[in-house]
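So the chains spell out like this:
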Amino acid sequence: MDNSLPNRVRTDLRRHDLEHVQERVLQWSLPEQVDLMERLEPRDRAVVFRLLPRPVAFRAFARLDASLQSELLTALRTDEVQGLVAELDPDDRVRLLDELPAPVVRALLSELSPQDQDTTGVVMGYPAGSVGRRMSPEFVALGLDTTVADALAAVRERIDDAETVYALPVVDQDQRVAGVVGLRRLLASDGAVPVAEIAREAVTVGAQTPAEEAARRCAKEKLLALPVLDGTGRVVGILTFDDALDILEEAETEDVARSAGAEPLRRPYLATPVPAVFRARVVWLLVLAVGASLTVRVLEVFESTVEQMVVLSVFVPLLIGTGGNTGNQAATTVTRALALGDVRVRDVGRVALREVRIGALLGATLGAVGLAGVGMIYGWDVGAVIGLTLLTVCVLAATVGGVMPMAARALKVDPAVFSNPFITTFVDASGLVVYFLIARAVLGL
């Protein structure tokens, strides 16, 4: 979308030229219309939404973030709200209801059809963060003795209300998954063949499983749909690949924000009020400012050492910067490996030993460069201090950076929270201690 178009729409809205706004917006594709509404203020968003034809408005509403949906509902009439909520898929409906006050939720649920209330209740019954909360209970299940012809007939009958028909669970009489069959396989098979003969082994996940873990499994197995089972092994829903992608995108956004020392906004940037952005950042900045006071304290403790040889202060930014970067590299790599399932908490010993070796190689390389470069300018004794410090700091930072995310996972805390900001603060303080202790030993201060 042309970046100037939202400004033109705002100008037309200020002039109350709604006919021109409608004409302009209807020329755009659905993704462009959604992008426009994400960029507008709540009041303008509601006006533009009302200008859309009903079918287009329903599709656009379904694509908005739940927080923006909630804002939009407050600006619409009761009958408009009821229609929008009823049109949403059960999992999307629950995400919206989670954003609304309890009295509003009860009122909206009471207006749904009994069938919609039941499907919504199934999803709402699972804890927040679980895949049960993100699954769709609207799916087509096939019995073991169902023929291909009957299966295709069932697909045609349910094609309008099912979440997907491209991957269909095959269940026994107790609704336990016995396999999965794809629509393509059905179309290529003889109509008289039982689906049990053409079904493949099913990859399943429990409804209580964390949504991110289930989404990564869906992506790793390259599945169109992942059957979700209740505690008794019965299929209660499916996680589709598009919902899995949404979950992974949210997880990635959250990890990036927290690794940079901020809380995720959970809504488009331009649609987030400035006070909300402020709150997302200020707490972490205060925490890190307190942590940085450790570095100041270390400098105070070794003030006499610096006074005896002022040149040592020149290299403080180099050393703490190198240590922080080394730790952040290790933490980012291990956090990603944890998310992908490449390592487990029980692998902490192997990870620590591996990072010690990696840190030693990095430190030896950087230390050699530091020894040569600093030694030729400031003397070989100072060069030796810098070289040994770089070696030690890299080993320390890499080890801490690799172990901290695993410690976070063991404590049931998001590993991203323990990564870059906290590691940088810790390595800065400990790196300076190492630096001045080595300087005292080598230079005899």
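Above this note sits the structure.
As a starting point, this report considers the structure included with it. (Residues numbered from 1 in each chain as written. Predicted model: local features only at pLDDT ≥ 70, side-chain atom pairs only at ≥ 80, totals over all residues. Heavy atoms only, no water.)

**Points about the overall build of the protein chain**
Argument step 1. Each helix and strand counted, the protein chain has 21 helices and 6 strands in total.
Argument step 2. Computed over C-alpha atoms, the radius of gyration of the protein chain comes to 29 Å, more than 25% over the 22 Å expected from 2.2 N^0.38 for 445 residues, which places it beyond the range of a compact globule.
Argument step 3. A principal-axis box enclosing the C-alpha atoms of the protein chain has dimensions of 85 × 65 × 40 Å.
Argument step 4. For the protein chain, contacts bridging at least 24 residues in sequence account for 65% of all contacts bridging at least 6.
Argument step 5. A total accessible area of about 22,700 Å² is found for the protein chain, and carbon and sulfur atoms account for 57% of it. (Helix = DSSP H or I, 4+ residues; strand = E, 2+ residues; numbered from the N terminus. Rg over C-alpha atoms; globule rule 2.2 N^0.38 Å. Contact = heavy atoms within 4.5 Å. Areas by Shrake-Rupley, 256 points an atom, 1.4 Å probe, with all protein chains shown as cover.)

**Side note on a nonpolar patch on the surface**
Argument step 1. A cluster of nonpolar side chains, namely Val314, Leu371, Met376, Ile377, Tyr378 and Trp380, defines an oily patch on the protein surface of about 680 Å² accessible area.
Argument step 2. The partly exposed category is assigned to tyrosine 378, whose relative accessible area is 40%. (Patch = residues over 30% accessible without salt bridge, like charges linked within 9 Å, V, L, I, M, F, W, Y side chains within 5 Å. Salt bridge = Lys/Arg side-chain N within 4 Å of Asp/Glu carboxyl O. Buried < 20%, exposed > 50% of the residue type's maximum accessible area, 1.4 Å probe, protein only.)

**With respect to the sheet that holds strand S4 (residues 205-206)**
Argument step 1. Ordered by their spatial adjacency, 3 strands build an open sheet running S4-S5-S6, and the pairing between neighbours is mixed. Edge positions in the sheet fall to S4 and strand S6 (235-240), since each has one partner strand and no second.
Argument step 2. Contacts from helix H14 (residues 211-220) reach S4, strand S5 (225-229) and S6, with the element oriented near 65 degrees to S6. (Pairing = 2+ DSSP bridges. Axes fitted to C-alpha atoms, helices over the stretch in contact; angles between N-to-C directions.)

**Some words on the sheet that holds strand S3 (residues 177-182)**
Argument step 1. Taken in spatial order, the 3 strands make up an open sheet running S1-S2-S3, and their pairing is mixed. Each end of this open sheet is capped by a strand with a single partner; those strands are strand S1 (142-143) and S3.

**Description of the nonpolar core**
Argument step 1. Core analysis: the largest hydrophobic core is formed by 35 residues, its most contacted members being Val48, Phe49, Phe61 and Leu73.
Argument step 2. Non-local contacts of leucine 73, meaning those with residues more than four positions away in its chain, are made with Phe61, Val81, Leu84, Val85, Leu96 and Leu100. (Core = buried A, V, L, I, M, F, W, Y, C linked by side-chain atoms within 4.5 Å.)

**Comments concerning the pattern of salt bridges**
Argument step 1. Scanning the model with the defined rule gives 11 salt bridges in all.
Argument step 2. Between arginine 133 and aspartate 98 there is a salt bridge, with the nearest N and O atoms lying 2.7 Å from each other. Here aspartate 98 lies in the loop between helix H8 (90-97) and helix H9 (102-110) and arginine 133 lies in the loop between helix H10 (114-124) and S1, a separation of 35 residues in the sequence.
Argument step 3. Classification of arginine 133 by relative accessible area gives buried; the value is 13%.
Argument step 4. A salt bridge links arginine 134 to glutamate 250, with the shortest nitrogen-to-oxygen separation between them at 3.1 Å. With arginine 134 in the loop between H10 and S1 and glutamate 250 in helix H15 (residues 241-259), this pair connects stretches of sequence that are 116 residues apart.
Argument step 5. For arginine 134, a relative accessible area of 14% corresponds to the buried category.
Argument step 6. Overlapping salt bridges, with partners in common, bring together Arg95, Arg134 and Glu250 in one network.

None of the figures reported here should be taken as evidence of function without further support.
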